[in-house]
Amino acid sequence: MLRQRIELGWHVIALTLLSGAFIPLWRQETLGDTIATSGDPIQQVVLLFSYSGLVLLWWYRQQAVSVALRGWLIWVIIGWAILSVLWSQAPALTIRRSATLLLATLYGLLLAIRYPPATVLRLIGSAMAIIVVSSLIAIGLGAPGAIMGHPHPGAWQGIMYHKNALGRICVLALIVFGVLMYQTTMPWRIGWGVLIASCVGLIVGSQSVTAAVILFIIILAWMVLIPFSMASRREKFQMTMISLGIAAPIGYLLWSYSEDIAQLLNRDLTLTGRLLLWQALLPIGWKQALTGYGFGAFWTDPSRMMDVDIALMRLRFWWALQAHNGYIDVWLELGIVGVCIVFALLTFIVQYGILYTQTNQANNKYFMHFLFLLAVFLITYNLAEAVLLETNLGKAIFWIIPSWSYFVTQKNKRVER
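Overview of the structure. Just so we're clear, the structure is a prediction, and the values are computed from it rather than from any experiment.

1. Here we look at the overall build of the protein
Scanning the protein from N- to C-terminus turns up 17 helices and zero strands. When burial is assessed residue by residue, the protein has 52% of its 417 residues classed as buried. Once local pairs closer than 6 in sequence are excluded, the contacts in the protein between residues at least 24 apart make up 75%. Carbon and sulfur atoms make up 69% of the accessible area of the protein, which totals about 19800 Å².

2. Let's talk about the side chain of arginine 168
Secondary-structure assignment places arginine 168 in helix α8 (residues 163-183). Buried and unpaired, arginine 168 has no salt bridge, with glutamate 385 as the nearest side chain of opposite charge at 5.0 Å. If sequence neighbours within four positions are ignored, arginine 168 has contacts with Tyr161, Ala211, Phe377, Tyr381, Val387, Gly394, Lys395 and Phe398.

3. Considering the packing of aromatic side chains
Tallied over the full model, the rule gives 13 aromatic pairs. One aromatic cluster is present, formed by Trp10, Tyr51 and Tyr107 through successive ring pairs. In this structure, arginine 61 packs its charged tip against the face of tryptophan 58, placed 4.1 Å from the ring centre. A cation over a ring is seen here: arginine 97 above phenylalanine 295, with NZ or CZ 4.5 Å from the ring centre.

4. Quick look at empty space enclosed by the protein
Counted according to the given criterion, the structure contains two cavities of 30 Å³ or more. Its boundaries defined by the atoms lining it, the largest cavity holds a volume of some 50 Å³. Considering the residues around the largest cavity, the lining is formed by Val342, Leu345, Leu346, Leu378, Leu388, Leu389, Phe398, Trp399 and Pro402. Contributions of two or more residues to the lining of the largest cavity are made by α15 (326-356) and α17 (397-416). Along the lines of polarity and charge, the residues of the lining of the largest cavity split into nine nonpolar, no polar and no charged.

5. Digging into the pattern of salt bridges
What the rule picks out here adds up to two salt bridges. Of the charged contacts, one joins glutamate 7 and arginine 114 as a salt bridge, the two residues approaching to 2.9 Å between their closest N and O atoms. In this pair, glutamate 7 is assigned in helix α1 (residues 2-18) and arginine 114 in helix α6 (residues 91-114), connecting sequence segments 107 residues apart. By relative accessible area, glutamate 7 is classed as buried at 6%. Take arginine 114: its relative accessible area is 18%, and that puts it in the buried class. Arginine 274 is paired through a salt bridge with glutamate 385; the nearest N and O atoms lie 2.5 Å apart. On the criterion of sequence distance, the pair formed by arginine 274 in helix α13 (residues 274-287) and glutamate 385 in the loop between α16 (362-381) and α17 is long-range, its members being 111 residues apart.

6. Quick look at helix α7 (residues 117-141)
Spanning 25 residues, α7 covers 36 Å between terminal C-alpha atoms, matching the ideal 36 Å at 1.5 Å per step. Just past α7, the residue glycine 142 takes up positive phi, approximately 70°.

7. Structural notes on the layout of surface pockets
The computed volume of the second largest pocket comes to approximately 180 Å³. Lining of the second largest pocket is provided by Leu174, Ile175, Gly178, Met181, Tyr182, Ile196, Val200, Leu215, Ile218, Ile219, Trp222 and Met223. When residues of the lining of the second largest pocket are traced back to their parent elements, those giving at least two are α8, α9 (188-206) and α10 (209-230). A class-by-class count of the residues in the lining of the second largest pocket yields 11 nonpolar, one polar and no charged.

8. So, the nonpolar core
The biggest cluster of nonpolar side chains holds 107 residues, and the ones touching the most others in it are Tyr107, Ile169, Phe177, Phe370 and Trp404. The dominant element in this core, judged by the number of residues it contributes, is α8, at 13 residues. Excluding residues within four positions of it along the chain, phenylalanine 177 makes contact with Gly125, Met128, Ala129, Val132, Trp192, Leu195, Ile196 and Cys199.

9. As for the packing of α7 against α9
Two elements in contact, α7 and α9, have axes separated by 10 Å at closest approach and are oriented at 55°. What the angle tells us is that α7 and α9 run oblique. The crossing of α7 and α9 is left-handed. Taking contact as the criterion, the partners of Gly125, Ala129, Val132, Val133, Ser135, Leu136 and Ile139 in α7 are, on α9, Trp192, Leu195, Ser198, Cys199 and Leu202.

Definitions and cut-offs
- Counting restarts for each chain: residues are numbered from 1 in the order of the written sequence.
- With the structure being a predicted model, the display of local features is reserved for residues of pLDDT at least 70 and the display and counting of side-chain atom pairs for 80 or more, all residues being used for whole-chain, interface and lining totals.
- Only hydrogens and water are set aside; all other atoms, that is, all heavy atoms of the structure, feed into the side-chain values.
- What counts as a helix is a DSSP run of H or I of at least four residues, what counts as a strand is a run of E of at least two, and both are numbered from the N terminus.
- A simple rule labels every residue: compare its accessible area, found with a 1.4 Å probe on the protein chains alone, to the largest value its type can have, and call it buried under 20%, exposed over 50%, or partly exposed in between.
- Contacts: residue pairs with any heavy atoms within 4.5 Å of one another.
- Exposure was quantified through the Shrake-Rupley algorithm and a 1.4 Å probe, taking into account, for residues, occlusion by the shown protein chains and nothing else.
- Residues scored as charged are limited to Lys and Arg (positive) and Asp and Glu (negative), so that His and the chain ends carry no count.
- The term salt bridge refers to a side-chain nitrogen of Lys or Arg lying within 4 Å of a carboxyl oxygen of Asp or Glu.
- When the centres of two rings from Phe, Tyr and Trp lie within 6.5 Å, Trp using its six-membered ring, the rings pair. Their planes under 30 degrees apart give stacked, over 60 give edge-to-face, and anything left gives tilted.
- Whether a charge sits over a ring depends on NZ of Lys or CZ of Arg being within 6 Å of the ring centre and within 35 degrees of the ring normal.
- Definitions used throughout: a 1 Å grid over protein atoms alone; a cavity as a set of points that fits a 1.4 Å probe which cannot get out; a pocket as an open set with protein on both sides within 12 Å along at least five of seven lines; a lining residue as one with an atom within 4 Å of a point.
- Grid points are joined across faces, edges and corners, and a volume is the space filled by probe spheres set on the points.
- When residue character is reported, Ala, Val, Leu, Ile, Met, Phe, Trp, Tyr, Cys and Pro are called nonpolar, Asp, Glu, Lys and Arg charged, and the others, Gly included, polar.
- Here, expected helix span is obtained from the residue count minus one, scaled by 1.5 Å.
- For the purposes of this section, nonpolar cores are sets of buried Ala, Val, Leu, Ile, Met, Phe, Trp, Tyr and Cys residues that join through side-chain atoms within 4.5 Å.
- Angles here are taken between N-to-C directions and fall from 0 to 180 degrees, while the axes themselves are lines fitted to C-alpha atoms, restricted in helices to the stretch in contact.
- In this scheme, roughly parallel covers angles under 35 degrees and roughly antiparallel covers those over 145, while 65 to 115 is roughly perpendicular and the rest are oblique.
- For any pair of crossing helices, the crossing counts as left-handed if the nearer helix is rotated counterclockwise from the farther one by less than a right angle, and right-handed if it is rotated clockwise.

Printed below as a string of structure tokens:
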């Protein structure tokens, strides 16, 4: 019993750290930069600690191998990332990034074979609760770094390293808290409800427009999901057609009044320089359209770039450490092949999640809800920021959770047979 509690406690700590809490902010406040530097020793130590529990896979190796073989698609992604070292502009960096991608995937596998989905959701919820509560305390006490200065004066970042990081993690936390609130009973529902309200407050205080827009989309998706999950097949078809009929004119209006909407959100039509960045990246991407420039190798030091066009682009957009679009980032690093594999993985998660949860069991239904909202979050958020295949200390959680979800669908698919 004590060993199980220690193991669960380790998971909560590991998930908290892998979400980007505490350490990157401490690094930023004490040493003047974040922990995103490639080959950073502090990041490596924290990652090794966070993944130290993977030794447990040895005791569950038979089940791990069985589930891993059924989840073959995710190993195709990792294999392609490792293979990209052959044409990478920074082979050593590609190897390190591939290693962390492998560790994050194995962690998702461990969670899938070790616990039922409801338990893992509670573990993730506990880690998210630590981040939310600690951020509120840090902001309330005026702790150093909890509120940003220039260039985002007054924006909350709590115990995260940036306001966008706080907004991003709060949107994910809100999804987890929402599912847990429906899955549990009183008085736990009150606690999860308070945490949901806290997430909304932190998103507003972070001044992250991307997080606010994604939050709005998640709320709409949740409102559609509940009646959709209880409808018959015919009713689902009718609801889908009605939704498409409503979405088309709304999309036209958004496009027509895009300038007014941008002003309302205190943004310009270039999306804070993103459109200009994307325009500069597209011709560079087409030069290596099929294979990309190597996993993790595109956003390296401009002085080390072998391609002059990339070096000039990096110097022009000195502020960009990513494409601010997950799909473009994957395309630049792993080419069209990588993008197709990632899309296939997201499709598998939703498809098999729905197939598995077509029973009347409540826990299965809640897990399906989580898969649906997770897919909406990943698909939409990566339109403005890059979190696909990212496994550094601030974004690893956004690969661990999809990996775990995918392995769960494969594991339970086998159980149904």
